[in-house]
Amino acid sequence: MSTTPYRVFGVENSPFSVKVRSYFRYKGIPHEWIVRNIATMPEYQKHAKLPIVPLVVAADGTAMQDSTPIMEALEAQFPEPSTHPESEPNRFLSLLLEEFGDEWGNKWMLHYRWAREADQVAASNRLVAEMMPDVPDAEREETAKGIAERMVGRVWFVGSNEVTAAQIEDSYVEGLEMLEAHLSNRAYLFGDYPVFADFGLWGQLYNCLVDPTPGGLLREKAPSVVAWIERMLEPKGEGPPVMTESFETLAPTLLPYVKRMCGDLFLPWSEANARALAAGDENYDVELDGRTWTQKPVKYQAKSLGVIREKYAAVVDKTALDPVLEETGCLRWLAT
Ligand SMILES: N[C@@H](CCC(=O)N[C@@H](CS)C(=O)NCC(=O)O)C(=O)O
């Protein structure tokens, strides 16, 4: 039995794992980070109900999976320092951007990781080094090649294909440029302290930074985003103990990002995906920002759209929130 209260099974190369680890670090919740590899697999398998990381195991053996519910459960138990902005519209925008980071940010990360040879080689070698440290040197290259081949065949899952590649990459670059403007004069997305939005988006961009193509774009176009990525590895609050900035000072650079990323791309995509899944379609096409997107429907993202809609519905006083969601083109996808 471990003497630390929480064990976090994860992988450095998994955006959702590092997201949860940074959350533990920021909150100061005692935990042990356990790399899920061949050696730790039997212990992992004793607790995991789904074959995914992160897996968080409490001292009493309670197991948790899925990064957002994990953070919500911990937030209820360890409310300070809070990782939610204290009022609307900031509070809900943080939840929306967390969901955006998890689901659209994951398209950036996985697409770039497996789209070009240079990134495939870098990523597959990192995966072998982290998860199969005992593979003899002579077999390393072959093993990495096998991983790359398998993964290249699987990125359809996030909708990365010949039709969508340009839109994924354009949204990455546009998103970085907008985030650069936003983060050039603040430490975290909503001011001096990290909130759910930071953790969700960060896990994906932290992983983008280590691959040659997306990492090169980050360094070239977004030095303030790189500084934020580095800060978020061990996040600490900065400045006076004010939770987040006022909406008015965030809005000029935050709202354009929410509009382009969530209103024009992510939410209409998520809605089309959920519709196709409900209709039992094999494949779907949707017009996103004037371009055709095509992919097979995926289940988890339909469920998480339902969850963000429930979170929207649960906002008791929507007076400050609805005009902002309307202005950013998000309202029609959330208020159903
Ligand atoms: N929605 C889940 C997604 C977790 C997830 O997709 N994890 C990936 C790694 S980033 C995974 O475990 N894939 C299977 C594997 O690596 O064995 C979450 O937020 O935790």
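From a predicted model like this one, the values you see are computed outputs, not experimental measurements.

Asker: Residue-level account of the overall build of the protein chain, with values.
Answerer: Secondary structure assignment for the protein chain yields 14 helices and six strands. The C-alpha radius of gyration of the protein chain comes to 20 Å, within 12% of the 20 Å expected for a compact globule of 336 residues. Principal-axis analysis of the C-alpha atoms places the extent of the protein chain at approximately 60 × 50 × 40 Å. By residue count, 55% of the 336 residues in the protein chain fall in the buried class. Nonlocal contacts in the protein chain, meaning residues at least 24 apart in sequence, comprise 73% of its contacts between residues at least 6 apart. Looking at the protein chain as shown, the accessible area adds up to about 14,400 Å², and 56% of this sits on carbon and sulfur atoms.

Asker: Run through the packing of aromatic side chains, naming residues and quoting values.
Answerer: Summed over the entire model, instances satisfying the criterion amount to 17 aromatic pairs. With 6.3 Å between their ring centres and 80 degrees between their planes, Trp104 and Trp269 make a pair best called edge-to-face. Note that Trp104 is positioned in helix α4 (residues 90-115) and Trp269 in helix α11 (residues 247-279), a separation of 165 residues in sequence. The class of Trp269 is buried, set by a relative accessible area of 1%. Relative to Tyr172, the ring of Trp108 lies with its centre 5.7 Å away and its plane at 70 degrees, an arrangement referred to as edge-to-face. Residue Trp108 is found in helix α4, and its partner Tyr172 is found in helix α7 (residues 165-183); the two are separated by 64 residues along the sequence. Side by side, Trp108 and Tyr172 carry an identical accessibility label, which is buried. In this structure an aromatic cluster arises from ring pairing among Phe100, Trp104, Trp108, Tyr112, Tyr172, Tyr257, Phe266, Trp269 and Trp293.

Thresholds, definitions, all that
- Residues numbered from 1 in each chain as written.
- Predicted model: local features only at pLDDT ≥ 70, side-chain atom pairs only at ≥ 80, totals over all residues.
- Heavy atoms only, no water.
- Helix = DSSP H or I, 4+ residues; strand = E, 2+ residues; numbered from the N terminus.
- Rg over C-alpha atoms; globule rule 2.2 N^0.38 Å.
- Buried < 20%, exposed > 50% of the residue type's maximum accessible area, 1.4 Å probe, protein only.
- Contact = heavy atoms within 4.5 Å.
- Areas by Shrake-Rupley, 256 points an atom, 1.4 Å probe, with all protein chains shown as cover.
- Phe/Tyr/Trp six-rings, centres within 6.5 Å; stacked < 30°, edge-to-face > 60°.

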